[in-house]
Amino acid sequence: MTEPKRDQVHEGALGERLNWLRAAVLGANDGIVSTAGLVVGVAGATDTRSALLTAGLAGLLAGSVSMAAGEYVSVSTQRDSERAALAHERRELSERPQAELEELAELLRRRGLSREVAHEAAVQLTERDALRAHARVELGIDPDALTNPWHAAWASFLAFTAGALLPLLAMVLPPADTRLGVTVVSVLAALALTGWSSARLGAAAPGRAILRTTAGGALAMGVTYAAGSALDVAGV
């Protein structure tokens with residue numbers, strides 16, 4: 001059997017890196033939108049810097065910890081499922097190796113190989129590493145690269161925090177008479193960048209992605225600012 005080409009060997013790793021990058025972009029987008037909506041809403045009710053800073057920091061910490069915890073739980077569940085699937089496959093290989101060999105050959109045949117070539121490939125893969133062969137072909141799992149919940153949690157925490165810092169700093173650093181405008185412009189520019197980045201990672205046209213992210217952010221800020229202004233008028 002011929003050795004796989006270099007680009008085929010690294011295809012899985014490249015796909016994994018792209019998934020992490022896409023998750024980081026989306027996490028940053030969530031941090032931008034949620035924190036911007038929060039501080040702009042508070043700005044509709046008060047222009048006190050300490051109140052804006054307190055609200056923004058609370059939103060940043062709550063959001064980043066929530067994102068990290070959610071990602072940890074989600075990826076831990078996925079990792080547990082992968083380990084259980086590998087344990088089940090290891091048990092089947094031990095109890096009925098011939099049936100598993102035939103199953104692997106049939107899976108390879110369904111991918112376009114002739115019956116003879118599929119059988120020979122299955123035999124060679126089984127002799128080299130039966131569990132790894134079944135994990136990759138049958139389960140779509142790389143036993144050497146199981147998902148890591150801690151990596152996912154930290155990536156989500158950092159991505160959300162990085163995104164949330166922009167509207168927070170844009171709101172508390174400028175003078176009171178310009179902070180709202182600076183925040184809105186900065187947030188929309190950052191959302192346009194995240195929309196463009198997500199489109200590039202997905203090999204899609206950036207126009208619609210930029211429109212979606214900026215429109216969503218503008219809507220969030222508009223709604224929360226209106227709510228804050230209404231509460232201020234009501235004297236709440």
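Caption draft 1: Molecular detail of the environment of Leu 93. With respect to the helices, strands and loops of the structure, Leu 93 is situated in helix H3 (residues 49-95). Sequence separation between Leu 93 and His 134 is 41 residues; the distance between their C-alpha atoms is 9.2 Å. Filtering out sequence-adjacent residues up to four positions away, Leu 93 remains in contact with Glu 100, Ala 130, Leu 131 and His 134.

Caption draft 2: Broad picture of the nonpolar core. By size, the foremost hydrophobic cluster in this structure holds 15 residues, and its most contacted members are Ile 32, Val 40, Met 171, Val 187 and Met 221. Of all the secondary-structure elements, those providing two or more residues to this core are helix H2 (11-45), H3, helix H6 (149-172) and helix H7 (179-201). A per-element tally of this core places H6 first, with five residues. Apart from residues lying up to four places away in sequence, Met 171 is in contact with Val 39, Val 40, Ala 43, Leu 52, Arg 179, Leu 180 and Thr 183.

Caption draft 3: Structural view of the packing of aromatic side chains. Under the defined criterion, the tally for this structure stands at two aromatic pairs. Relative to Trp 150, the ring of Tyr 72 lies with its centre 4.8 Å away and its plane at 55 degrees, an arrangement referred to as tilted. With Tyr 72 in helix H3 and Trp 150 in helix H6, this residue pair connects regions lying 78 residues apart in the sequence. Look at Trp 154 and Phe 157: their rings are 5.8 Å apart centre to centre, the planes differ by 80 degrees, and that puts the pair in the edge-to-face class. With Trp 154 and Phe 157 both in helix H6 and three residues apart, this pair spans about one turn of that helix. For Trp 154, a relative accessible area of 52% corresponds to the exposed category.

Caption draft 4: Expanded view of the environment of Val 25. With respect to the secondary-structure elements, Val 25 resides in helix H2. Sequence spacing of Val 25 and Ser 198 is 173 residues, and the spatial spacing of their C-alpha atoms is 6.6 Å. Look past the residues within four positions of Val 25 in its chain and what remains in contact with it is Thr 194, Ser 197, Ser 198 and Leu 201.

Caption draft 5: Structural detail: the side chain of Thr 35. Here Thr 35 lies in helix H2. Residue Thr 35 is classed as buried on the basis of its relative accessible area, which comes to 1%. In contact with Thr 35, other than residues within four places in its own chain, are Gly 56, Phe 160, Ala 164, Pro 167 and Leu 168.

Caption draft 6: Expanded view of the pattern of salt bridges. All chains considered together, the criterion is met by five salt bridges. The closest approach of N and O atoms between Glu 100 and Arg 96, which form a salt bridge, is 3.2 Å. The residue Asp 129 makes a salt bridge to Arg 132 at a minimum N-O spacing of 2.3 Å. Here the residue Asp 129 and the residue Arg 132 both occupy positions in helix H5 (residues 115-139), the gap between them amounting to three residues, near one helical turn. Under the relative-accessibility criterion, Arg 132 is labelled partly exposed at 23%. Linked by salt bridges that have partners in common, Glu 92, Arg 96 and Glu 100 make up one network.

Caption draft 7: Structural context of the side chain of Thr 161. Along the chain, Thr 161 falls in helix H6. Look past the residues within four positions of Thr 161 in its chain and what remains in contact with it is Leu 60 and Ser 64.

Caption draft 8: A look at the confidence of the model for the protein. Chain-level pLDDT for the protein is 85 on average; 89% of the residues reach the 70-or-more range. Here residues 1-10 is modelled with pLDDT under 50, and outside its nearest four sequence neighbours on either side it reaches four contacts, counting other chains as well.

About the criteria used
- Each residue is numbered by its place in its chain's sequence as written, counting from 1.
- Two thresholds apply to this predicted model, a pLDDT of at least 70 for residue-level local features and 80 or more for giving and counting side-chain atom pairs, whereas whole-chain, interface and lining totals are computed over all residues.
- Side-chain measures were taken over the full set of non-hydrogen atoms in the model, leaving aside hydrogen atoms and water.
- Starting at the N terminus, helices and strands are each numbered in turn, a helix being any DSSP run of H or I of at least four residues and a strand any DSSP run of E of at least two.
- In this description, contact between two residues means that some pair of their heavy atoms is separated by no more than 4.5 Å.
- Remark: nonpolar core denotes a set of buried residues (Ala, Val, Leu, Ile, Met, Phe, Trp, Tyr, Cys) joined through side-chain atoms within 4.5 Å.
- Exposed residues in this analysis have more than 50% of their type's maximum accessible area, buried residues have under 20%, and partly exposed residues fall in between, with area computed by a 1.4 Å probe over protein chains only.
- Any two rings among Phe, Tyr and Trp, with Trp reduced to its six-membered ring, count as a pair given centres within 6.5 Å; such a pair is stacked if its planes are under 30 degrees apart, edge-to-face if over 60, and tilted if neither.
- Any carboxyl oxygen of Asp or Glu within 4 Å of a side-chain nitrogen of Lys or Arg constitutes a salt bridge here.
- As a per-residue quantity, pLDDT reports the predictor's confidence and falls between 0 and 100.

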